[in-house]
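Chain by chain, the residues run as shown.
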Amino acid sequence: MIENIQQTTPQHVVTEAAVQTTSPARESSALVLGALCIVVILNFAAFHSSLRGYFLADDFAHVDYLKTVFSGHAHLLVENFYSNWMQTLGTSFYRPFISLTLAFDYLIWGANPNGFHISNFVFQTLSSVFLFLALNCMFPALAWKPRFMTALLAASLFACHPLHPEVVSWIIARVDSVCTTFLFLSLWLYLLSSKRADQSGPLQILSLGAFTLSLMSKEMAITLPPTIFLYELINLSFSPEGKTLTWQNKFKAALIASKWHIALLLLYLGFRTIALGTLFGGYGGSVGDGLKDTIWRRWFQEGCLFRLVLPFNQDVTHPKDSLRLVFKLALAGAFALAITRAFLKQGKNSALPFALSPFAIFAVGWFVIALAPTVQVFDITENLQGGRFVYLATAPVVLFLSALTFGTGDRRSKYGNLSLLTALSIALAMVFTISYTYLAVKNNKPWQEASRGVSNIRASVEKELEGKPPNSKIAVLNLPPHNKGAHMLYNAAMFGVTLKPPLSKEDLTGRVITFEPVTFGDANLINRTRFKQLLADKNLLGVFVWQQNSQKLVAMKEWRRDALDPTSQSVPLKSGRCTLKDRRDSMNSPVIDVPSTDFDFVDLELKVDGSKSKKQNSSNILLLSWTGAVNPMNGAARQIALPLRQTNTFEKYRFSVGELKTWIGEGRITGLQIDTSLKPITIDLKSAQLTNASDEIPDLKVLPECNSFIDSNGTIYIKSTLGPLSYDATKIKNAKSVRYEISAPDSWFEHYSGTLRDTGPSQHISDSGKLKDLSSSNLTINLNALKVPGFYELRIMALDADDKVIGYVSNPINFQLSGNFFKHSKE
């Protein structure tokens, strides 16, 4: 039986059977070259603007890494081959080849982003080219015209896909395009080798070599062996000789055909596990926990999958834009053509017993395979952030559409060589290609705006410090994390790279204070304790807010004033009952003028009656928004929502505003507004108060005597112990003791709760303890209980006589333990 299977090698058998049904001579080299030219031109048409981009987000970590590599530490590139990628804390990836591609760019171009973007464009183009070449080699029993046209349309749509701007315009997102380039190359070489009777050993070796480079680029490459297996299984099923084989024999034949790629995959998984110390890898800490907790929502509740076929950025394309209708009609047209061909059975012949194209069946299975490795991270947001995760999966999607469009071929017309269905298919292919290209250009614009934005904020900071004393500083309250789905600056470390050579003439990192997440997180949260500490720095020239729309740094007003424990203030809004009839109505305060840095909460007490509304449900919300000295108009970026409680009694609502940059950054608050998602509604407001909660939030600070290095974002790099620190819970009523908590490694408490104002202990901790004194100005925390390097957070909370938490936890302190810390602790 095994001998029989080996004699019927899948691709070889189908090739011989296809001699009478296909005409290779008709598919000339000139025709293939013309198709490749079309694919290249479409890539340029869709993404030429990316060539003028700048570095974004994680790109800066790699620029800094390359600077170190080319400063006498080339061994770091070698370490990537047997350890975690870039030796980064909090993640486990094996991608050494990516660093080599980046190092090659740096060697040629230095820190010029244009050179890196050229490489990104080349990899995107090569992915499209190799996709066409691979698809055009598949299913030799299929007539050459529908096979060629299906391959060309699929590669063309992949070349100008509207979900690809993230991969093309974000330099480090080349991990997907590099991986996919060599994956498609490996697949093409495999198919070429399978066409030959001798199975062409050299081509097989080259295929395995390309597969190796793909595996060393990104974990998505593990999908190649199951893809080859699936192709061989379907190819056998559509061949005449395949009919004589049982499914068991087909399965064995497909397994034999893909055996070398499977063997290489197993070897890779074993070596990778040894290098990383884990089989799966990925994101760790609170980021990884957050991804696990939201898998169901991201996959099935937010419409992410639908964006694979309707890839519209809500921040770019209006919901009523006519282009959306064009896409839907084109999709409907593809299905209509497929149904018509199936009904007429025009694809039926001796070699293919089904009217449905084998490409369509293959595409469905390939789509499942391509998405499988993205289970942890899959997320395509409404503004298409995360499109890189489905870069490979877009190939089977466009292949399926192409297979529906061209089917298995059509009979010639009595009056010429072109049938009506073929003409309609060509017309639909042109509609698909033009609309895809146009939308890709639109979706790529936010990335170009993001590049200009990052470059502008760096230039603005340089201008503010130009000519100032070397010890002078400025504070930038907010860095733009993204622009309409395009990544910008997610943390201070990224921004710090822009402020030192080779991207800046001089090192300004120590002169720019920031308040960003250490790695990832809600960029709108701010540690108000640290912020107010910094205001007392005599070398501080000013506090600035970055305005994305105007691309300017705007100075906060009266930032220098002392605001140490001000009393709470009542803010009068419209008193009594107020009816909000429609979305234009809201409840507004008169003009006020209070410092934004003084208060932690806005407390409201009110009663609502929405009985006349037809949209009553548990998802209705109460909205608080505000205006200030920087932004005198209300906007969605300056509002908080709480669940609306519809009862017949007065309810208390507490909005935590003091932890938000959008509140603090106004400097002066000039107005408040109350609104609801339920209309019409009657609001009976009893009171509105701005609350300073110094008697509810314990104080925790780093003392100047701390001898560990503290970066401009407030992270402490520990040498031995954490301290000295000061804390104070004496103002908390009924407090009897204090509890401290240290987070799990590479975890941040606010990642789990979404706020800095937790009211209880966390379950995600590495260590905790009890402090008997309610205050101290010389606290030192022993870190012996911590076992692994990483980033950590420390916070405290007041306890009553029963050890129950009173009030809120303190603002946290961030610190990092390196591998050297543990080496020294053992000595």
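A brief look at the structure comes next. (Residues numbered from 1 in each chain as written. Predicted model: local features only at pLDDT ≥ 70, side-chain atom pairs only at ≥ 80, totals over all residues. Heavy atoms only, no water.)

Take the pattern of salt bridges next. Here the structure, examined in full by the defined rule, presents 26 salt bridges. In this structure, the salt-bridge partner of Arg 174 is Asp 105, at a minimum N-O distance of 2.7 Å. Of this pair, Arg 174 sits in helix α10 (residues 174-195) while Asp 105 sits in helix α6 (residues 96-109); the two residues are 69 residues apart in sequence, bridging distant segments of the chain. (Salt bridge = Lys/Arg side-chain N within 4 Å of Asp/Glu carboxyl O. Helix = DSSP H or I, 4+ residues; strand = E, 2+ residues; numbered from the N terminus.)

Pairing is mixed across the open sheet formed by four strands, whose spatial order is β6-β3-β7-β8. Looking at which strands have only one partner, the edges of the open sheet turn out to be β6 (512-514) and β8 (552-555). Geometrically, the sheet is characterised by an average inter-axis angle of 35° between neighbouring strands, direction not taken into account. Pairing geometry for strand β7 (residues 540-547) and β8, over four bridges, is antiparallel. Bridge assignment links Trp 546 to a residue of β8, and that residue is Leu 553. Packing of helix α20 (residues 420-465) onto the sheet brings it into contact with β3 (473-476), β6, β7 and β8, and relative to β7 it is tilted by some 160°. (Pairing = 2+ DSSP bridges. Axes fitted to C-alpha atoms, helices over the stretch in contact; angles between N-to-C directions. Contact = heavy atoms within 4.5 Å.)

We now examine the packing of helix α11 (residues 201-215) against helix α14 (residues 259-276). Between α11 and α14, whose axes approach to 11 Å, the crossing angle comes to 30°. Two packed elements cross with a definite hand, and for α11 against α14 that hand is right-handed. Residues Gln 204, Ser 207, Leu 208, Phe 211, Thr 212 and Leu 215 of α11 lie in contact with α14, whose contacting residues are Trp 260, His 261, Leu 264, Leu 265 and Tyr 268. For the contact of α11 with α14, a count of residues per class yields seven nonpolar, four polar and no charged. (Left-handed = near helix turned anticlockwise from the far one by under 90°. Nonpolar A, V, L, I, M, F, W, Y, C, P; charged D, E, K, R; others polar.)

This paragraph deals with helix α18 (residues 358-371). Helix length check: α18, at 14 residues, gives a terminal C-alpha distance of 20 Å against a target of 20 Å (1.5 Å per residue), a fit within 8%. Within α18, ten of the 14 residues are buried, leaving the element largely enclosed by the surrounding structure. Looking only at α18, the buried set comprises Pro 358, Phe 359, Ala 360, Phe 362, Ala 363, Gly 365, Trp 366, Ile 369, Ala 370 and Leu 371. Next to the buried residues of α18 lie α7 (113-135), α8 (144-159), α10, α12 (224-237), α16 (295-301) and α19 (394-406). Measuring from the side-chain oxygen of the N-cap residue of α18 to the backbone nitrogen of Phe 359 gives 3.1 Å; that N-cap residue is Ser 357. (Expected span 1.5 Å × (residues − 1). Buried < 20%, exposed > 50% of the residue type's maximum accessible area, 1.4 Å probe, protein only. Polar contact = N/O pair within 3.5 Å; in protein donor to acceptor, adjacent residues only side chain to side chain.)

What follows deals with the packing of α12 against α14. Two elements in contact, α12 and α14, have axes whose closest approach is 9 Å; the angle formed by their N-to-C orientations is 160°. Between α12 and α14, the angle falls in the class roughly antiparallel. The two elements α12 and α14 cross, and the hand of that crossing is left-handed. When α12 is examined against α14, the residues Leu 224, Pro 225 and Ile 228 are found in contact with a partner set consisting of His 261, Ile 262 and Leu 265. (Parallel < 35°, antiparallel > 145°, perpendicular 65-115°, else oblique.)

Looking now at the side chain of Thr 433. Position of Thr 433 relative to the elements: it lies in helix α20. In this structure the side chain of Thr 433 is engaged in a polar contact, spanning 2.8 Å, whose partner is the backbone oxygen of Ala 429. Excluding residues within four positions of it along the chain, Thr 433 makes contact with Leu 42, Leu 153, Leu 157 and Cys 160.

Looking now at the packing of aromatic side chains. Counting across every chain of the model gives 37 aromatic pairs. An aromatic cluster is built from Phe 139, Phe 158, Phe 184, Tyr 231, Phe 359, Phe 362, Trp 366 and Tyr 391, whose rings are joined through pairwise contacts. For the cation-ring pair, Arg 654 lies above Phe 601, with the distance from its terminal atom to the ring centre recorded as 4.1 Å. Geometry around Phe 650 places Lys 686 over its ring, the cationic atom sitting 5.4 Å from the centre. (Phe/Tyr/Trp six-rings, centres within 6.5 Å; stacked < 30°, edge-to-face > 60°. Lys NZ or Arg CZ within 6 Å of the ring centre and 35° of its normal.)

The residue after Pro 501, namely Pro 502, is reached through a cis peptide bond having omega 10°. Structurally, the position occupied by Pro 502 is in the loop between α21 (492-498) and β6. Cis geometry is adopted by the peptide bond preceding Pro 680, which originates at Lys 679 and carries an omega value of -5°. Within the secondary structure, Pro 680 is located in the loop between β17 (668-676) and β18 (681-691). One non-glycine residue, Ala 57, adopts positive backbone phi at about 45°. When you line up the elements, Ala 57 lands in the loop between α3 (29-47) and α4 (59-69). Assessed through its relative accessible area of 0%, Ala 57 is described here as buried. The backbone of Asp 803 shows a phi angle near 65°, a positive value even though the residue is not glycine.

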